[in-house]
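Listed here are the chains, written in short residue letters.
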Amino acid sequence: MKRLPVLVLLCALLTACGKPGTPPPKGPQASALPGYPVQNAAAVQGSPTLDRARARGRLVVGAKEDQPYLGWRDPATGQYSGFDIEIAKMVGADLGFGVGQIEFRTIASANRETALQNGQVDYYVGTYTINANRKKLVGFAGPYFIAGQSLLVRRNGHSIHGPQDLAGKKVCSAAGSTPYQRIRQDYPKAHLVGYDTYSACVDNLITAQVDAVTTDNAILQGYAAKAPDELKLAGKPFSTEPYGIGVPKDDRVLRLAIDDALVRNMRNGNWKKAYDATLGLSGVPAPAPPLIDRY
Ligand code: GLU
């Protein structure tokens, strides 16, 4: 079978998204999304990142573009949507930037630290696990969500029920991600294949060139929800992946201002409303928002 990009395959499975620009049937519903009134952030002073953003008149936010319900870029309109995108917008509004003043830029898992270090993006919201190694290179506000590593297989597959079944199997993940690292370290008998994106892995799963895709359950649930006749999750989550907002390492003022924005939006109901209108559509009800870890 000829290799097609995942979007084409998913759209072929979901006949309803045939027309360019037609939203996917279960995609985020604009009406259910919260609005984010721009706050006066004049009191937030001493952030070099924010100073640069103020001077240029807009925020540049790193995100993913191929993760349904989390970070998704509509190829017809160029618009980004999903839970991570809503988190980026609610934080942006609290920092003084309206939705029209946020420019999203797609950055792959392996390039996040460099993008933050060289100022390519002001902050990053894209299923980005907080961990000690990464904290040596970047700062993290949050967490704003807790996921866990899981496995995606073909619906008709019966041989993989957990990571212990991966020996001798081809398993695909994104280079530079924590799930990729974990398979390499803890399950060395698996044949690990690394791509830039999870959608490339899902293409290879659908065409039977790999046996499983591994990353966070929140990401895999989105792919499974878009192609329920083809794909399913296997087994239980086998790690804890707290999602943070990546910021330049030394910009403590920005990091704590983002923590404040997260707390405010968790308390006023925006966080849950945003979840229900995005990630909730992949079938998992909203958990309680996690506790922010100010360090
Ligand atoms: N949360 C994991 C990570 O940050 C996997 C998802 C991703 O690659 O964005 O590496």
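As a convention, each chain's residues are numbered from 1 in the sequence order in which they are written. Where local features are concerned, this predicted model is filtered to residues with pLDDT of at least 70; where side-chain atom pairs are given and counted, the filter is 80 or more; whole-chain, interface and lining totals use all residues. The side-chain figures draw on all heavy atoms in the structure; neither hydrogens nor water molecules are used.

- The name given to the chain in an unreviewed UniProt entry is Glutamate ABC transporter substrate-binding protein, and the organism recorded there is Kitasatospora cystarginea.
- UniProt positions are given in the numbering used here, feature names are shortened, and annotations may be inferred rather than shown by experiment. Comment text from UniProt for the chain, heading Sequence similarities (unreviewed entry), reads "Belongs to the bacterial solute-binding protein 3 family."

1. Quick notes on the environment of glycine 96
Here's step 1: Mapped onto the secondary structure, glycine 96 falls in the loop between α3 (83–94) and β5 (102–106).
Here's step 2: Buried residues are those whose accessible area, probed at 1.4 Å on protein chains only, stays under 20% of the maximum for their type, while exposed residues exceed 50% and partly exposed ones sit between those limits. By relative accessible area, glycine 96 is classed as partly exposed at 26%.
Here's step 3: Taking the C-alpha atoms as reference points, glycine 96 and asparagine 40, 56 residues apart in sequence, are found 5.8 Å from one another.
Here's step 4: What glycine 96 contacts, discounting residues up to four positions off in sequence, is Val38, Gln39, Ala41 and Gln101. What counts as a helix is a DSSP run of H or I of at least four residues, what counts as a strand is a run of E of at least two, and both are numbered from the N terminus. Any two residues whose heavy atoms approach within 4.5 Å at even a single point are treated as in contact.

2. Here we look at the sheet that holds strand β4 (residues 80–81)
Here's step 1: Note: two strands are recorded as paired if DSSP finds a minimum of 2 bridges between them. Here we have three strands laid out as an open sheet, ordered β2-β3-β4, and antiparallel in their pairing. Of all the strands in the sheet, the pair left with one neighbour each is β2 (66–67) and β4.
Here's step 2: Pairing between strand β3 (residues 71–73) and β4: two bridges, direction antiparallel. Bridge pairing links arginine 73 to tyrosine 80 in β4.

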